[in-house]
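Descriptive analysis of the structure
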Amino acid sequence: KKQQQRNGRGSKGFTLLEVLIAMGIMSVIVTVIYTSFFTASRNVEQAEARRDANDLAQTLVAKLADDITNAYVNPGMSLPTVFYGKKVQPDTGNEKSRYDELYLTTLADPSWRQADSKEIDLWEVGYYFKQKPDGPGFVMMRREKRELSKDVPALEGGVEYEMTDRVTSLQFRYNNGATWSDEWNNRTVVPRAVEIFLALDDGSSFVTHVDVQR
């Protein structure tokens, strides 16, 4: 009879305490799994964001470096040539944020040359910033004038397009062989080298020096 009573109590299943303990253990396991998954997902997103920022910076710097390396100024030409760098520091509250402008004539991008174009074909490009129309911040712009004409002065004409709104600072410094300066307005000669400092909205920054072919 006692044996039957013991068997009867055992068939009632888990006690409330046992259920609560099991639920607590399950909650801990689920929390650990979720935390691990969330951390891994966040790490992947951060790595992708860093990669995207690095790719963007490399593209921008490579484009700038290519134009600067092949810059050409000749005051004796009938066509207008120019190399003009201007320091621009808007009232943004951040003294380290600059949005410098650069305009120059450079050897034409081979991808835009016609079959009968000459190797010394020049075009004019410009880099500058415009205020975002829908909020604070600036958009980096590029202007291209693919055909130079004595009827169109330097720094005028051409087609502009947006490059990116992720640049938080773009700074140029110019070397004349002895010193560095933040601006360049010598229309008879190009600088010997240009330093490019680029900062993005994720906090990353990039610096490079470009020698100008002379």
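Because the structure is a prediction, the values reported are computed rather than measured. (Residues numbered from 1 in each chain as written. Predicted model: local features only at pLDDT ≥ 70, side-chain atom pairs only at ≥ 80, totals over all residues. Heavy atoms only, no water.)

So, unusual backbone geometry
Non-glycine residue Leu155 carries a positive phi angle of around 75°. Following the sequence through the fold, Leu155 ends up in the loop between strand 4 (138–145) and strand 5 (159–164). Using a relative accessible area of 30% as the deciding quantity, one classes Leu155 as partly exposed. (Helix = DSSP H or I, 4+ residues; strand = E, 2+ residues; numbered from the N terminus. Buried < 20%, exposed > 50% of the residue type's maximum accessible area, 1.4 Å probe, protein only.)

Things to note about the side chain of Thr81
Of note, Thr81 is situated in the loop between helix 2 (16–69) and strand 1 (83–86). Of the polar contacts made by the side chain of Thr81, one reaches the backbone nitrogen of Asn74; its length is 3.0 Å. Apart from residues no more than four positions distant in its own chain, Thr81 is found in contact with Tyr72, Val73, Asn74, Pro75, Thr105 and Leu122. (Polar contact = N/O pair within 3.5 Å; in protein donor to acceptor, adjacent residues only side chain to side chain. Contact = heavy atoms within 4.5 Å.)

Brief notes about the sheet that holds strand 7 (residues 180–181)
The strand order across the open sheet formed by four strands is 7-6-8-9, and the pairing between neighbours is antiparallel. For this open sheet the edge positions go to strand 7 and strand 9 (205–211), each flanked by a neighbour on one side alone. The pairing of strand 6 (residues 167–175) with strand 8 (residues 193–200) spans eight bridges and is classified as antiparallel. By the bridge assignment, Tyr174 is partnered in strand 8 with Val194. (Pairing = 2+ DSSP bridges.)

What about the environment of Arg166?
Relative to the elements of secondary structure, Arg166 occurs in the loop between strand 5 and strand 6. Among residues more than four places away in sequence, those in contact with Arg166 are Ala53, Leu56, Ala199, Leu200, Asp201 and Asp202.

Quick word on the packing of aromatic side chains
A full pass over the atoms with the stated rule returns seven aromatic pairs. When the ring of Phe83 is compared with that of Tyr174, the centres are 6.1 Å apart and the planes differ by 90°; the resulting orientation is edge-to-face. Here Phe83 is found in strand 1, whereas its partner Tyr174 is found in strand 6, with 91 residues between them in sequence. Neither residue differs from the other here; Phe83 and Tyr174 are each classed as buried. Taken together, a centroid distance of 6.1 Å and an interplanar angle of 20° make the contact between Tyr103 and Tyr128 stacked. Of this pair, Tyr103 sits in strand 2 (residues 101–107) while Tyr128 sits in strand 3 (residues 122–131), and the two are 25 residues apart along the sequence. By relative accessible area, Tyr128 is classed as buried at 10%. Among the aromatic residues, those joined into a cluster by ring pairs are Phe83, Phe172, Tyr174 and Trp184. (Phe/Tyr/Trp six-rings, centres within 6.5 Å; stacked < 30°, edge-to-face > 60°.)

A short note on the sheet that holds strand 5
Sheet architecture is open: five strands sit in the order 1-2-3-4-5, paired in antiparallel fashion. Across the chains shown, the open sheet's two edge strands, defined by having one partner strand only, are strand 1 and strand 5. This sheet shows a mean twist of 25° between the axes of neighbouring strands, independent of strand direction. In this structure, strand 1 lies alongside strand 2, joined through four bridges in antiparallel fashion. The residue bridging Gly85 from the neighbouring strand is Leu102, located in strand 2. (Axes fitted to C-alpha atoms, helices over the stretch in contact; angles between N-to-C directions.)

So yeah, pure geometry; function would need other evidence.
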